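Single-letter residue listing:
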Amino acid sequence: QFHTRETAPAAIECDLAICKDVMQHLPHFEREAIFARVKAKKWLLVNDFKEGVNPETRRGGNSPVDPACPPFRFKTVREVYRFPAGKTDKRAFLCW
């Protein structure tokens, strides 16, 4: 099933959650709320990337994401794709 924030039930359980270009635009507390609401066995996260940091941002701002660092709590993070060089370093990660 496909859900957006507006159509999703209060809690979702799934095998794979795909989240593209979202986390980099949210403050930490909203990221945490998404992970609390969506119980996925694995996540595919596609975001602007910067190794070793997850600075706080305001909603709608832009802050690169490293899913291997707090506040993310994944035990395993594997890079599955690196986008061609552009304005930002965009990468896709499979996380669980």
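Check the entry above for the structure.
So, here's what we can say about the structure. Throughout, a residue's number is its position along its own chain's written sequence, starting from 1. In keeping with the model being predicted, local features are shown solely for residues with a pLDDT of at least 70 and side-chain atom pairs are shown and tallied solely at 80 or more, while totals for entire chains, interfaces and linings include all residues. Excluding hydrogens and water, the side-chain figures rest on all heavy atoms present in the structure.

## Overview of the side chain of Asn54
With respect to the secondary-structure elements, Asn54 resides in the loop between strand S2 (38-48) and strand S3 (77-82). A 1.4 Å probe rolled over the protein chains alone gives each residue an accessible area, and that area as a share of the maximum for its type sets the label: buried under 20%, exposed over 50%, partly exposed in between. For Asn54, a relative accessible area of 10% translates into the label buried. At 2.8 Å, the side chain of Asn54 and the backbone nitrogen of Asp66 are in polar contact. Only 3.0 Å separates the side chain of Asn54 from the backbone oxygen of Cys69, close enough to count as a polar contact. For helices the rule is a DSSP run of H or I covering at least 4 residues; for strands it is a run of E covering at least 2, with both sets numbered from the N terminus onward. The term polar contact refers here to a pair of N or O atoms within 3.5 Å; inside protein, the definition further demands a hydrogen-donor-capable atom paired with an acceptor-capable atom, and it admits residues adjacent in sequence only when both atoms are side-chain atoms.

## Considering the side chain of Asn47
You can see Asn47 is positioned in strand S2. By relative accessible area, which is 4% here, Asn47 ends up buried.

## Overview of the layout of surface pockets
Think of a 1 Å grid over just the protein atoms. A cavity is a set of points where a 1.4 Å probe fits yet cannot get out, a pocket is an open set with protein on both sides within 12 Å along at least five of seven lines, and lining residues have an atom within 4 Å of a point. Grid points are joined across faces, edges and corners, and a volume is the space filled by probe spheres set on the points. Estimates place the volume of the second largest pocket at around 190 Å³. For the lining of the second largest pocket, the element with the most residues is S2, which contributes five residues. Across the lining of the second largest pocket, the residue classes tally to eight nonpolar, no polar and four charged. Note on residue categories: nonpolar means Ala, Val, Leu, Ile, Met, Phe, Trp, Tyr, Cys or Pro, charged means Asp, Glu, Lys or Arg, and polar means any other residue, Gly included.

## Digging into empty space enclosed by the protein
Tallied over the entire structure, the rule returns one cavity of 30 Å³ or more. Within this model, the largest cavity holds a volume of roughly 30 Å³. Taken together, Leu45, Asn47, Val65, Pro67, Arg91 and Phe93 form the lining of the largest cavity. Classifying every residue of the lining of the largest cavity by side-chain character gives four nonpolar, one polar and one charged.

## Side note on the pattern of salt bridges
A pair is scored as a salt bridge if a Lys or Arg side-chain nitrogen falls within 4 Å of a carboxyl oxygen belonging to Asp or Glu. Tallied over the entire structure, the rule returns nine salt bridges. Across the pair Lys20 and Asp21 runs a salt bridge, and its minimum N-O distance is 2.6 Å. Between Glu79 and Arg82 there is a salt bridge, with the nearest N and O atoms lying 3.0 Å from each other. Connected through shared salt-bridge partners, Lys20, Asp21, Asp48 and Lys90 make up one network.

## Looking at the environment of Glu30
Along the chain, Glu30 turns up in helix H1 (residues 28-37). The exposure class of Glu30 is buried, given its relative accessible area of 14%.

## Quick word on the pairing of S2
Strand direction decides the pairing type here: strand S1 (residues 12-20) and S2, joined by eight bridges, are parallel. The partner of Cys19 across the bridge, within S2, is Leu45. Handedness is read with the strands pointing away from the viewer; a crossover is right-handed when the path from the first strand over the helix to the second is clockwise. Between S1 and its parallel partner S2, the chain crosses via H1, and the hand of that crossover is right-handed. Note that S2 and strand S4 (residues 90-95) share six bridges and pair antiparallel. What sits directly across from Trp43, in S4, is Cys95. For two strands to be treated as a pair, DSSP must find at least two bridges joining them.

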